[in-house]
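As a plain string of letters, each chain reads:
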Amino acid sequence: MTYSRSITLVLTHDCPWHCGYCGFRSDREGLIAEGEIDRVLAEAVAGGAREVLVLSGERPGGMPHIAQELARRGYQDFWDMAGQVAERCRSKGLFPHGNFGRMTEAELRRLRPFYVSMGMMLESVVDEPAMAPEKKAQGRIAGIEAAGRARVPFTSGILVGWGESQDARLRSLRLLAELHAAYGHLQEILIQRYVPNAGSSWPAGRIPAREEYQEMFEAWREWAPGVPVQIPPNLEPRWESLLPWLDDLGGISWTRDEVNPTRPWAEQRLYREACARAGRDLVERLPVYPSHQSAEWLDSRWEVLVRNFYQGANS
């Protein structure tokens, strides 16, 4: 059972979209202060993190006030800032994983040298009328395909418990498996429980029964053998009962979950003890999995660092 010791760095919560289930977005917060970036990275080093999860709203650089702030700070655009922040992570011995929503192939190629991995949830192959345009399935699929063409180690997955059917969940997983078969870039998938937050207008739906979870796990193993399955344990209270089917517990942090601030993680010791009760060892990984540590997937500045970590972990 693997996990990543992580901290989250939010470049901005500002987002042009208004998805009903989202409690993360804001309208006029602006960009994170440069001094706050330094503070978070110092906390990451002090707390023993290896991963920095770098987040933002969806395509914030297209919002006029963000574009103006980027220019004032001397950045060419939002992707320039995202790349420079990742370089600041690397200089501290940290490994950045970027999640900025849908990106084009050119944008992904531009950021690929700076990040060891990136991600974007499919969420569902079934469109809901209240979804924002870039959350529609075709837009998500195009972004995941773009990451495959750009040879970016990628994380994706589905959102469950927001009113979807089991058939929709399985169709969504089948589609992700087909995308992975075409490009080989999915290093893991998440089956992530929807938890409404203060800013969410979309109510929670029926959560999957344990048998439905098991059906999803078994289907994924058949369709995409070897690609790990993750469930964030702070979002699914029944995570311990699902350990026999899981491969990964995701990013675990001593700081708050910036996307789901009402759902803190437990102490790492408690996860380790639960895994031991299930006959599993909890082992640390980087945000890029061993399956994608080669030159095909990583820029040369990362390849040696990642290989050294996994060789040390296995020695």
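Details of the structure are given in the entry above.
Residues numbered from 1 in each chain as written. Predicted model: local features only at pLDDT ≥ 70, side-chain atom pairs only at ≥ 80, totals over all residues. Heavy atoms only, no water.

Thoughts on the packing of helix α5 (residues 137–149) against helix α6 (residues 166–183)
Using the following cut-off: Structural elements are reduced to axes, namely lines fitted to C-alpha atoms, with helices fitted over the stretch in contact, and the angle between N-to-C directions of any two is expressed from 0 to 180 degrees. Secondary structure is summarised from DSSP: a helix means a run of H or I of at least four residues, a strand means a run of E of at least two, and numbering begins at the N terminus for each. Roughly parallel covers angles under 35 degrees, roughly antiparallel covers those over 145, roughly perpendicular covers 65 to 115, and oblique covers all other angles. By definition, turning the near helix anticlockwise from the far helix through less than a right angle yields a left-handed crossing, and turning it clockwise yields a right-handed one. Contacts are residue-level and defined by heavy atoms, with any inter-residue pair within 4.5 Å sufficient. When residues are sorted by character, Ala, Val, Leu, Ile, Met, Phe, Trp, Tyr, Cys and Pro go into the nonpolar class, Asp, Glu, Lys and Arg into the charged class, and all the rest, Gly among them, into the polar class.
Orientation of α5 relative to α6, taken along the N-to-C sense of each, is 25°, at an axis distance of 9 Å. With respect to their mutual orientation, α5 and α6 come out roughly parallel. In this structure, the crossing between α5 and α6 has a hand that is right-handed. Contacts between α5 and α6 involve Ile-141, Ile-144, Glu-145, Gly-148 and Arg-149 from the first element and Leu-175, Leu-176, Leu-179 and Tyr-183 from the second. Here the residues of the contact of α5 with α6 sort into 6 nonpolar, 1 polar and 2 charged.

Here's the deal with the packing of aromatic side chains
So the rule is basically this: Ring geometry is summarised as follows: Phe, Tyr and Trp rings, the Trp one being its six-membered ring, pair when their centres sit within 6.5 Å, and such pairs are stacked at plane angles under 30 degrees, edge-to-face over 60 and tilted between the two. Partly exposed describes any residue whose relative accessible area lies between the buried limit of under 20% and the exposed limit of over 50%, with all areas from a 1.4 Å probe on protein chains only and scaled to the type maximum.
For the structure on display, the rule yields 9 aromatic pairs. Their ring planes at 70° and their centres at 5.4 Å tell us that Phe-78 and Trp-79 sit as a pair that is edge-to-face. Summarising the burial analysis for this pair, Phe-78 and Trp-79 share the class buried. Taken together, the ring pairs in this structure connect Phe-78, Trp-79, Phe-100 and Tyr-115 into an aromatic cluster.

Remember, this is a structural readout, not a statement about activity or role.
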